[in-house]
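# Survey of secondary and tertiary structure
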Amino acid sequence: MRTLLVTIPNNMEEISGRAREVITPVEPFGLMYIASVLESRGRAVEILDAFALDLDVAATVRAIADTAPDIVGLSCLTIHAHLALELIRAIRVSHPDRTPLIVAGNAHADLFATHFLQAGLADVVVHGEGELVMAALVDAYEQGADFADVPGISYRTPAGAIVRTAPAAPIADLDALPLPARHLVPMDRYRMSFYWGPQPSDPRRYKGMFTSRGCPYHCTFCTVHRSRSLRFHSVGRVMQELRLLVEEHGAEYVFFLDSCFMCSRSRVTELCDAIIESGLRFRWGCEGRVNLAAAHPELLHLMHRAGCVQVAYGIESGVQSLLDRVGKDCTLQQIDEAINHTVAAGIGPVGLFILGLPGETPEMTDETIRLSLSHPFVFAQYAILTPFPGTEIHDELVAAGRIDPMDWSRYSQYAAFTDVSPIYVPDGYDPA
């Protein structure tokens, strides 16, 4: 039973326009973790990162045909959902006699499972974390067993009925997962171009990894906390992966991709102590929270001693009423204190901002820009709000009739660089 896990082809020119030059491929960690679990159970699995390889739909279909898989797993986000549908249709046309079982996963497929299944685009949709669910699905498919016993999926029966099975429990012990299957992807293609100047643009130097999953906060523009409790890899497991990245992959800079790396002060302390004691020589960065950085400046100093040179803060707005409205759970005073503490610790702060939040006025936008200019950020990123499906903001705007939940091609945070109007514009603004 051969499984091929596929990313959606590269359509950055269409959805990001002039911003394409600053958007670079990153490792498809979801597929890499699924592949590592399948391999650990003796399954034949490959990954086709069509996005990183810059393949179009036709080239992706040819590559799939060359592999001749029994199962094709597709990772689908809203930003390229319309292209995913084009790819699936092309796969079915190219396999008229025996189409592989088509399984769709990731956030968009999860939310729009009924659409995918009723339209005959996918045979199965995976909900939530896919590693153990895919392993059970592959077993059931090979054995000809009923999919009803596989938790965490929706599927279409031969009679056309849509069945959703019992939810799969979140993976409690992350250490039970094997290391992500980096050997199955083109590691020379991945880089992070905008966070840290030119250095991470060299894939021989930059590497990314996760040390946790989930987030305890509830920002209304984010989906990370949705049905995903905060869980951590052990410090020993994190050090195992760090040693692999530094000693075998030559990483000089590692970015921890966790949504809330600083959420546990005791764990960050333990990890920093372990990095210092290990003697590994590398620099690193992470995403932080201003409320935690403001309250614990001593933690930032320890992080710097352990090699941290950069913390990216989701500041979002310079207006307290907007921060409160989107559930940021922080204050403008904490923003000031966090940035000051970060600079004092010798770490470069990165500011991440969102413009066009519900209720925002042009005067409020100016306040956000003034705040960003008043601090010594090494980099500031401004995103126009994209109310992605699965977020509270999306649900509110759909209920108010302000956005079309099916106009998937316009859900792009890079709309400002294209001729496509943003999916949502607050009152008082026009798309331009």
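Each chain has its residues counted from 1, following the order in which its sequence is written. Reporting of local features is limited, given that this is a predicted model, to residues whose pLDDT is at least 70; pairs of side-chain atoms are given and counted only at 80 or more, and all residues count toward the totals for whole chains, interfaces and linings. The basis for the side-chain values is all heavy atoms of the structure; hydrogens and waters are excluded.

## Some words on the sheet that holds strand β2 (residues 44–48)
For clarity, the threshold we go by: When DSSP finds at least two bridges between two strands, those strands are taken to pair. Secondary structure elements are taken from DSSP: a helix is a run of H or I of four residues or more, a strand is a run of E of two residues or more, and numbering for both begins at the N terminus. Angles shown run from 0 to 180 degrees and are taken between the N-to-C directions of axes, each axis being a line fitted to C-alpha atoms and, for helices, limited to the stretch in contact.
Within the open sheet, the seven strands sit side by side as β2-β1-β3-β4-β5-β6-β7. Their pairing is mixed. Looking along the sheet, the strands with just one partner apiece sit at the ends: β2 and β7 (162–164). The sheet shows a mean angle of 20° between the axes of neighbouring strands, taken without regard to direction. In this sheet, strand β5 (residues 124–126) lies alongside strand β4 (residues 101–105) in parallel orientation, the contact comprising two bridges.

## Topic: the state of the cysteines
Convention followed: Defined by distance alone, a disulfide is two cysteine sulfur atoms within 2.5 Å. Only protein chains enter the calculation, and the probe is 1.4 Å; a residue is then buried if its accessible area is under 20% of its type maximum, exposed if over 50%, and partly exposed in between.
Counted according to the given criterion, the structure contains one disulfide. The side chain of cysteine 260 participates in a disulfide bridge whose partner is cysteine 263; the two sulfur atoms lie 1.7 Å from each other. Across the S-S bond of cysteine 260 and cysteine 263 the torsion is about 90°, and the bridge reads as right-handed. Given the relative accessible area of 1%, cysteine 260 is considered buried. Looking at cysteine 76, it has no disulfide partner, and the nearest cysteine sulfur is the one in cysteine 222, 18 Å off. Take cysteine 308: it sits in no disulfide, and the sulfur closest to it among the cysteines is that of cysteine 286, at 4.9 Å.

## Examining the packing of helix α11 (residues 297–305) against helix α13 (residues 332–344)
Formally: We call a crossing left-handed when the near helix sits turned anticlockwise from the far one by less than a right angle, and right-handed when that turn is clockwise. Every residue pair with non-hydrogen atoms within 4.5 Å of one another is taken to be in contact. When residues are grouped by polarity, Ala, Val, Leu, Ile, Met, Phe, Trp, Tyr, Cys and Pro land in nonpolar, Asp, Glu, Lys and Arg in charged, and all others, Gly among them, in polar.
At a minimum axis distance of 9 Å, the contact between α11 and α13 shows a crossing angle of 35°. The way α11 lies across α13 gives a crossing that is right-handed. Contact residues: Pro297, Leu300 and His301 in α11; Ala338, His341, Thr342 and Ala344 in α13. In terms of residue class, the contact of α11 with α13 is made up of four nonpolar, three polar and no charged.

## Observations regarding the sheet that holds strand β8 (residues 206–209)
Sheet architecture is open: six strands sit in the order β8-β11-β12-β13-β14-β15, paired in parallel fashion. Edge positions in the sheet fall to β8 and β15 (379–384), since each has one partner strand and no second. In this sheet, neighbouring strand axes are inclined to one another by 20° on average, regardless of whether the strands run parallel or antiparallel. Taken together, the six bridges between strand β14 (residues 348–355) and β15 define a ladder with parallel strand orientation. Bridge pairing in β15 places valine 350 opposite phenylalanine 379.

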